[in-house]
Amino acid sequence: MAVAYWPIQWLLIPLTQDIEIDHFSMKNSYKILIHIQEGCYQTELNTSLNLLGCDVIFPTDPKLKSTDKSTEIIDLMIVDSANQAAAQEYLLESGFNLPIIYIDSPHPLNSTSSPVTQIDKFSLTLTQTTNLEVLRLAIELLLQRQELSRFQANEARFRKITETIDEIIWEVDQNLIFTYVSPKVKDILGYETTEILGQHCLSLLMPEQQDQLTTVINSFLEMKQPIANLEHIFAHKEGYYLLVETSGIPVFSEQDEWQGYQGVTRDITERQKVQESLLRSAATNRALINAIPDLILRINRGGKFVSYKPANRHSFQFFPEDFLNKNVDQVLPPALAEPTLTAVAAALKTGQLQTFEYQFRARDKLQFWESRIFISGDEEVMVLIRDISDRKLVEEELRNSLLEKDLLVREVHHRVKNNLQVISSIFSLQSQATDDPQLLNILEESQDRIRSMALIHEQLYQSNSLAKIDFKEYINSLTQNLLHSYSSFERVKFHLEIEPITLNLDTAIPCGLLINELVSNALKHGFFPDQAGEVKIKIHSLNGDGRQLCLRVQDNGVGLPENLDITQASSLGLRLVRALTRQLRGELEMYNQNGAIFKITFFRLD
């Protein structure tokens, strides 16, 4: 709405004082602050303003500083021209933004002239104030200018809002013809505002929706009701369609006559896609949860049951719906409530899965249960409760079966060891029936080989693992047996450097036989009679995974014969060394270095 300025010349027309006072009274009562130094002139001005119906306020501070009066709503100030600086300071200090009339004083109070000087848009100077018409026109001129300025500022603010928000602001008349549409229609629907104005609002609808929506809109029009969140489809200028949401309110005149609708329309296409995606995700989650056969509970931070999903196969003596909105310690016995609440607190604190098992009587039967607690929000967890009684029964059967197999395998190793000892004893008895030194030597070597194998089965029988043996312990026992067999305790010492490794049966037996042959050879042939010596045995891994090993047997005796070719050797011991090295898929090296050195590199056999 436009507000016209009064021409300044209107204030220059001499007016007589014999007009009725009611003719000069203003429509509104304004609060006007007066600060006139001349008391008599101030009194006359106060009288004139009172006659116009204004409420006059006088500052208590003669220097026009902010006082308790500054908290009142003031519409206009009238001050001496000499106090112009003080008036501006007062406005700055009080935070007011007021029009000002400056009075040039002193002037003859009964002067009929009314010269007016305009300073700026919101202030002017009067030289006469007893002329009520001049004073009224001056006051209303400044106040209407200020009102117009506020209106223009609000209009600019509204225009900025309508141009920046992501919604179309519109207005239609009684015939649903667009009378206003915000520029955002260009971004959302591709139309210029000029292309929309004058068009019927239903013309933007998808053709298939026009009949349906016309019925819906007519129902609103009939009752002049607000339109709230009405979803429909608009056609974009480029031909594709958008899902939008429209809300509007009916507009009435001051005479309560319906004039149309005002409202907003927002594009919810992406929001709808997100909602549909969330619905699909929620449906998938529900399907997954329903597919889980176990009882699922939601418990909040305070330990209260929030909701549940029943188990597909009910085996509880209580029903979840009986304890909704109750605390855990009100439903479960203390022995179960305490670990449950502890696990809930731990899951909320760490965000990690908490699991514990317990026994609980259900349907007059003591059963095994498992609770898996995981965080499902900042303030709640989900508890998956599973009946694991059948699993526990199977585990118990498997443990018993494994124990039986363990006992059987140990018995096998024990019997193999006993049988090998029987064979060794037979060789010992056989050696008593002959005086042939060569035959006695063969029988003795065979006994050592049998004992080395029997020792492995004995260790497996006694160890915790039936699949692998501690090879370091095995070599300690093997070397002690060999020293005892060859009566070399006093003159030959063993120095062992064995890494803590374990070997399975396939690797341990050939490796043990190799050590037996090499150590036996060193004890029988490596030293002169009555010569003291030392035998070193070293086993270590050659790589990080421990799959490749190196066995080194070394003595400080007489060394190997010159030009010895192990491939042409006829002795059973060296032939066994070659055969066992091939069995381990290893490589054999032998050479002299202050005695004989045998070095075998091989891989563990799986």
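I will try to describe carefully the structure that is included in this document. Treat the numbers as computed from the prediction; the structure is a model and nothing was measured.

Okay, the overall build of the protein chain next. Along the backbone of the protein chain there are 14 helices and 23 strands. Here the protein chain, with 606 residues, has 40% of them falling under the buried criterion. Partitioning the intrachain contacts of the protein chain with sequence separation of at least 6 by distance along the chain shows that 55% fall at a separation of at least 24. With the model as given, the accessible surface of the protein chain reaches about 34,400 Å², and the carbon-plus-sulfur share is 52%.

If you look at the biggest cluster of nonpolar residues, it comprises 39 residues, and the most contacted ones within it are Phe471, Ile515, Ile537 and Leu551. At the level of elements, helix H12 (471–485), strand E18 (492–498), helix H13 (505–525), strand E20 (533–541), strand E21 (548–555), helix H14 (572–583) and strand E23 (596–603) are the ones that each hand at least two residues to this core. Per element, the largest residue contribution to this core is 9 residues, and it comes from H13. Apart from residues lying up to four places away in sequence, Ile537 is in contact with Ile475, Thr479, Phe494, His495, Leu496, Glu497, Ile498, Ile515, Val519, Leu551 and Arg552. Counting 26 residues, the second-largest nonpolar core is a separate cluster that includes Ile188, Leu202, Ile217 and Leu230.

The end-to-end C-alpha separation of helix H6 (residues 207–223) is 26 Å, in line with the 24 Å expected for 17 residues at 1.5 Å each. The sharpest bend along H6 reaches about 35° and sits at Leu213. Every buried residue of H6 is listed here: Gln209, Leu213, Ile217, Phe220 and Leu221. On its buried side, H6 packs onto strand E9 (227–235) and strand E11 (258–267). Immediately downstream of H6, the backbone of Lys224 shows phi near 55°, a positive value.

As a further point, take the sheet that holds E20. Whether parallel or antiparallel, the strands of a sheet pair through hydrogen bonds between backbone atoms. The 5 strands lie next to each other as E18-E20-E21-E23-E22, forming an open sheet whose pairing is mixed. The open sheet terminates on both sides in strands that have one partner only, identified here as E18 and strand E22 (587–592). The mean inter-strand angle of the sheet, taken between neighbouring strand axes irrespective of direction, is 10°. Bridge count between E21 and E23: 7 bridges; the pairing is antiparallel. Residue pairing for E23: Val553 is matched across the bridge by Phe598. Where H13 meets the sheet, its contacts fall on E18, E20, E21 and E23, and the angle it forms with E21 comes to roughly 15°.

Let's shift gears to unusual backbone geometry. A negative phi holds for most residues other than glycine; trans holds for most peptide bonds. The phi dihedral of Leu176 falls on the positive side, at around 65°, and the residue is not glycine. Structurally, Leu176 can be placed in the loop between strand E7 (168–172) and strand E8 (178–181). Given a relative accessible area of 8%, Leu176 falls into the buried group. Of note, Arg585 is a non-glycine position whose phi angle comes to about 55°, a positive value. In this fold, Arg585 is placed in the loop between H14 and E22.

To continue, consider the side chain of Asp294. If you trace the backbone, Asp294 turns up in the loop between helix H7 (269–291) and strand E12 (295–300). Asp294 gets classed as buried once you look at its relative accessible area, which sits at 7%. For Asp294, the side chain forms a polar contact with the side chain of Arg386, separated by 2.9 Å. Setting aside chain neighbours within four positions, we find Asp294 in contact with Lys309, Pro310, Ala311, Leu384, Ile385 and Arg386.

A word on the packing of H13 against H14. Running from amino to carboxyl end, H13 crosses H14 at an angle of 155°, the nearest separation of the two axes being 9 Å. Taken together, the axes of H13 and H14 are roughly antiparallel relative to one another. Pair H13 / H14 crosses with left-handed handedness. Taken together, the residues of H14 that come into contact with H13 (itself represented by Pro510, Leu513, Leu514, Glu517 and Leu518) are Gly573, Leu576, Val577, Leu580, Thr581 and Gln583. Here the contact of H13 with H14 is composed, by residue class, of 7 nonpolar, 3 polar and 1 charged.

Bringing the packing of aromatic side chains into the picture now. This model, assessed by the stated rule, comprises 2 aromatic pairs. Pairing Trp258 with Tyr261 gives two aromatic rings, centres 6.1 Å apart and planes at 75°, and the pair type is edge-to-face. Tyr261 shares its class with Trp258; the two are buried. Pairing Phe356 with Tyr358 gives two aromatic rings, centres 5.4 Å apart and planes at 35°, and the pair type is tilted. Since its relative accessible area comes to 15%, Tyr358 is described here as buried. Positioned above the aromatic ring of Trp258, the side-chain terminus of Lys224 is 4.8 Å from the ring centre.

Looking at the element boundaries, Ser182 is found in the loop between E8 and helix H4 (185–189). Here Ser182 is in contact with Thr162, Glu167, Ile168, Ile169 and Thr193, once residues within four sequence places are set aside.

Moving on, we come to the sheet that holds E11. Strands sit in the order E8-E7-E11-E10-E9 across an open sheet of 5 strands; the sheet is antiparallel. Lying at the two open borders of the sheet, with one neighbouring strand each, are E8 and E9. Taking the axes of each pair of neighbouring strands and ignoring which way they run, one obtains an average angle of 30° across the sheet. Bridging between E7 and E8 involves 3 bridges; their strand directions are antiparallel. Residue pairing across strands places Glu171 opposite Tyr180, the latter belonging to E8. Contacts between H6 and the sheet are confined to E9, strand E10 (241–252) and E11, with E9 contributing the most and set at about 160° to the helix. The sheet strands contacting H7 are E9, E10 and E11, and the helix crosses E10 at an angle near 120°.

Thresholds applied
- Residues numbered from 1 in each chain as written.
- Predicted model: local features only at pLDDT ≥ 70, side-chain atom pairs only at ≥ 80, totals over all residues.
- Heavy atoms only, no water.
- Helix = DSSP H or I, 4+ residues; strand = E, 2+ residues; numbered from the N terminus.
- Buried < 20%, exposed > 50% of the residue type's maximum accessible area, 1.4 Å probe, protein only.
- Contact = heavy atoms within 4.5 Å.
- Areas by Shrake-Rupley, 256 points an atom, 1.4 Å probe, with all protein chains shown as cover.
- Core = buried A, V, L, I, M, F, W, Y, C linked by side-chain atoms within 4.5 Å.
- Expected span 1.5 Å × (residues − 1).
- Bend = angle between axes of the 7 residues up to and from the residue.
- Pairing = 2+ DSSP bridges.
- Axes fitted to C-alpha atoms, helices over the stretch in contact; angles between N-to-C directions.
- Polar contact = N/O pair within 3.5 Å; in protein donor to acceptor, adjacent residues only side chain to side chain.
- Parallel < 35°, antiparallel > 145°, perpendicular 65-115°, else oblique.
- Left-handed = near helix turned anticlockwise from the far one by under 90°.
- Nonpolar A, V, L, I, M, F, W, Y, C, P; charged D, E, K, R; others polar.
- Phe/Tyr/Trp six-rings, centres within 6.5 Å; stacked < 30°, edge-to-face > 60°.
- Lys NZ or Arg CZ within 6 Å of the ring centre and 35° of its normal.

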